[in-house]
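These are the residues of each chain, in order.
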Amino acid sequence: MRFSSTVTLQYDTIFSAFSHGDFLKGLDWLKESGLDSAEICISNYNGVDVEKIKDELDKRGLGCSTLSTGQARGLEGLSLIGVPADVTKKTQERFMQHIDAAAVLGSKVTIGLMRGLGSQATEKQDLKDLSEAMKPLIDYASKKGVTLLLEAINRYETALLNSAESTLDFIKGDLGDPDCVGILWDLFHANIEDIGYGRSIERMGKKLQHIHIADSNRMFPGYGHTDFAAILKAVKDTGYTEYCSFECLNLPSLETVLKETGPWVQQMRKL
Ligand code: LER
Ligand code: MN
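Let me sum up the structure you'll find in this document. (Residues numbered from 1 in each chain as written. Chains lettered and ligands numbered in written order. Predicted model: local features only at pLDDT ≥ 70, side-chain atom pairs only at ≥ 80, totals over all residues. Heavy atoms only, no water.)

### Focus: helix 6 (residues 164-172)
Keep this limit in mind: Only protein chains enter the accessibility calculation, which uses a 1.4 Å probe. A residue is then buried if its area is under 20% of the maximum for its type, exposed if over 50%, and partly exposed in between. Helix and strand definitions follow DSSP, with helices as H or I runs of at least four residues and strands as E runs of at least two, each counted in order from the N terminus. Note on contacts: a residue pair qualifies if any of its non-hydrogen atoms lie within 4.5 Å across the two residues.
Of all the residues in helix 6, the buried ones are Ala164, Glu165, Thr167, Leu168, Phe170 and Ile171. In the core, the buried residues of helix 6 are packed alongside helix 5 (123-144), strand 5 (148-151), strand 6 (181-186) and helix 8 (197-204).

This is the structure in C-alpha cells:
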C-alpha cells in the first residue's frame, strides 16, 4: 500500500494544502512527510511541460499516483455526457491528453465529475451514453498502458455511479470489464453511499485501484467517525498495493494537515 496526497498545478482547490503557486513547495512537503507520490490536479495542458513535472518528481524521489481531472468541469463545462456532441468530443480529447501525460508520469487518470451529472430519471440512458463516450478512452488508455479510475461519487454531486457497487456493476456490465478501468473508492463518498466498507472491499476485489482518504465529514483522518485502521487493514489483507491518497479539506486546520499527515501515514504503514 502506497500513499499520496493532492497537489494542484494550475488552479487552487479546497483539497490541497498548497496553492497552485506553491506546487513545488507541495512536492517538498510530500517528500518531507514520507509520502510516496503526488496526486496532481491538472485542468488543461496549455503551457504545461509534463517532462518538467516528471523531473521535479524524480528529483525528490516521488511518483505520481493519479491525475485528478475534474477542475475542467467547473472551469470549462467539460463533461462526457449531457452536453452537445462537440463538448463530449472536447472532453474526450482532454482525457486523451491526460492519458498521454499519465504515460509519461507513470500514473493513472481519474474520471470523476467530468463524466457528467446525469439524473435519476434518465439513469439508464445516461449510463449507456457514458459507456459509449468512454469507448475511445478505453481503447486509447489500453494502448498506452494507462489505467482509468472511475470514481464513485455521492448523490449530492452526481446522479451517476454513487456507490462502489454501482460503479463495479457499470464496469463489469456496461463496459465489459476492461483491464484498464478500475475503481476509485473515496471513503468520504463511501460513508454516504455504501452498505458497508467490508462488503465493498470484498465486492470490488482487484477492481479497487485507488483510495481517497478523508474522514466522514471530509476532514483530516481522526476528526470524523471513520475507522481508517480497520478499513485499510481489510484492504491491505486483500493484497492491495495501490495508493491511499489524501483528498480532505484543510480541516480542522491547515496546520493539522501539514503536521499530522506524516505521522498518520507512518501509523497506517504498520497495519
Ligand atoms: C473528487 O475526487 C471528489 O471526490 C469529488 O467529490 C470532487 O467534488
Ligand atoms: Mn474523491
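### Points about the coordination of the manganese ion (ligand 2)
Around a metal, the perfect tetrahedron of four donors has angles of 109.5 degrees, and the perfect octahedron of six donors has angles of 90 or 180 degrees. Which entries qualify depends on this criterion: Donor criterion used throughout: N, O or S atom within 2.8 Å of the metal, extended to 3.2 Å for Na, K and Ca. Water excluded; incomplete-looking sites may result. Angle rules define the geometry names used: all angles between 85 and 135 degrees makes four donors tetrahedral, while opposite donors over 155 degrees apart and all other angles between 65 and 115 make four donors square planar and six octahedral, leaving every other case irregular.
Protein ligation of the manganese ion (ligand 2) involves Glu151 (OE), Asp186 (OD), His212 (ND1) and Glu247 (OE), the donor distances falling in the range 2.1 to 2.3 Å. With six donor atoms in place around the manganese ion (ligand 2) and angles of 70 to 175° between them, the coordination shape is octahedral. Read in sequence order, the donor residues coordinating the manganese ion (ligand 2) give the pattern E-x34-D-x25-H-x34-E. In this pair, Asp186 sits in strand 6 while Glu247 sits in the loop between strand 8 (243-246) and helix 10 (254-269), placing the two residues 61 residues apart along the sequence. Note on Asp186: relative accessible area 1%, which makes it buried. Residue Glu247 is classed as buried on the basis of its relative accessible area of 9%.

### Examining the nonpolar core
Stated formally: Only buried Ala, Val, Leu, Ile, Met, Phe, Trp, Tyr and Cys residues count toward a nonpolar core, and they belong to the same one when joined by side-chain atoms within 4.5 Å.
Ranked by internal contacts, the top residues of the largest apolar core, which has 78 residues, are Ile40, Trp185, Ile211 and Trp264. Take this core: its biggest share by element is seven residues, from helix 5. With residues up to four places along the chain from it excluded, the contact list for Ile211 reads Trp185, Leu187, Leu232, Val235, Tyr240, Tyr243, Cys244 and Ser245.

### Considerations on empty space enclosed by the protein
Worth spelling out the cut-off: Here a cavity means grid points, on a 1 Å grid over the protein atoms only, where a 1.4 Å probe fits yet cannot get out; a pocket means an open set of points with protein on both sides within 12 Å along at least five of seven lines; lining residues are those with an atom within 4 Å of a point. Grid points are joined across faces, edges and corners, and a volume is the space filled by probe spheres set on the points. Polar here means any residue other than Ala, Val, Leu, Ile, Met, Phe, Trp, Tyr, Cys and Pro, which are nonpolar, and Asp, Glu, Lys and Arg, which are charged; Gly is therefore polar.
Scanning the entire structure with this criterion turns up one cavity of 30 Å³ or more. By volume, the largest cavity is sized at about 50 Å³. Broken down by secondary-structure element, the contributors of at least two residues to the lining of the largest cavity are strand 1 (2-8) and helix 10. Residues belonging to the lining of the largest cavity are distributed by class as follows: six nonpolar, five polar and no charged.

### Comments concerning the site of ligand 1
Heads up, the rule is: To be near a molecule or strand, a residue needs just one of its heavy atoms within 4 Å of it. In the analysis that follows, any N or O atom pair within 3.5 Å is treated as a polar contact, provided that within protein one partner can donate a hydrogen and the other can accept it, and provided that, for residues neighboring in sequence, both atoms belong to side chains. For every accessible area listed, the method is Shrake-Rupley and the probe measures 1.4 Å; residues are considered covered only by the protein chains on display.
Surveying the vicinity of ligand 1 reveals the residues Leu113, Glu151, Glu157, Asp186, His189, His212, Arg218 and Glu247. Note that an oxygen atom of ligand 1 is positioned 2.7 Å from one of the side-chain N or O atoms of Glu157. Contact between ligand 1 and His212: an oxygen atom at 3.4 Å from a side-chain N or O atom of the residue. In the complex, the protein chains occlude 83% of the 260 Å² of accessible area that ligand 1 would expose alone. Its residues placed into classes, the shell around ligand 1 shows one nonpolar, two polar and five charged.

### Comments concerning the packing of aromatic side chains
Short version of the rule: Centres within 6.5 Å are what make two rings of Phe, Tyr or Trp a pair, Trp counting through its six-membered ring; a difference in plane orientation under 30 degrees is then read as stacked, over 60 as edge-to-face, and the rest as tilted.
In total, this model carries six aromatic pairs according to the counting rule given. A ring pair is formed by Phe18 and Trp29, whose centres lie 5.6 Å apart and whose planes are at 45°; its orientation type is tilted. Placement of the pair is Phe18 in the loop between strand 1 and helix 1 (23-32) and Trp29 in helix 1, with a sequence separation of 11 residues. No difference in accessibility class separates Phe18 from Trp29, as the two residues are buried. Ring geometry for Trp185 and Tyr197: centres 6.1 Å apart, planes at 70°, overall edge-to-face. You can see Trp185 sitting in strand 6 and its partner Tyr197 sitting in helix 8, a full 12 residues away along the chain. Overall, Trp185 belongs to the buried group, its relative accessible area being 1%. The exposure class of Tyr197 is partly exposed, given its relative accessible area of 22%.

### Brief notes about the packing of helix 4 (residues 85-105) against helix 5
We apply this condition: Lines fitted to C-alpha atoms define the axes, with helix axes restricted to the stretch in contact, and inter-axis angles between N-to-C directions lie between 0 and 180 degrees. Roughly parallel refers to an angle under 35 degrees, roughly antiparallel to one over 145, roughly perpendicular to one between 65 and 115, and oblique to any angle outside these ranges. By the definition used in this description, the sense in which the near helix is turned from the far one sets the handedness, with an anticlockwise turn below a right angle giving left-handed and a clockwise turn giving right-handed.
At their nearest, the axes of helix 4 and helix 5 sit 10 Å apart, and the two run at 15° to each other. One element, helix 4, and the other, helix 5, form an angle in the roughly parallel class. You can see that helix 4 and helix 5 cross each other, and the crossing is right-handed. Residue-level inspection shows Thr88, Gln92, Phe95, Met96, Ile99, Asp100 and Ala103 of helix 4 in contact with helix 5, the latter providing Ala133, Pro136, Leu137, Tyr140, Ala141 and Lys144. Its residues placed into classes, the contact of helix 4 with helix 5 shows nine nonpolar, two polar and two charged.

### Section: the layout of surface pockets
Put simply, the largest pocket is a space of about 400 Å³. Lining the largest pocket are 24 residues; nearest its centre among them are Phe15, Ser68, Gly70, Gln71 and Glu247. Contributions of two or more residues to the lining of the largest pocket are made by strand 2 (37-41) and helix 3 (71-76). For the lining of the largest pocket, the class distribution of residues is five nonpolar, 11 polar and eight charged. By volume, the second largest pocket amounts to about 160 Å³. In terms of lining residues, the second largest pocket is bounded by Leu9, Gln10, Phe23, Leu24, Gly47, Val48, Asp49, Lys52, Ile53 and Glu56. With three residues, helix 2 (residues 50-59) is the largest single contributor of residues to the lining of the second largest pocket. Among the residues making up the lining of the second largest pocket, the classes are represented as five nonpolar, two polar and three charged.

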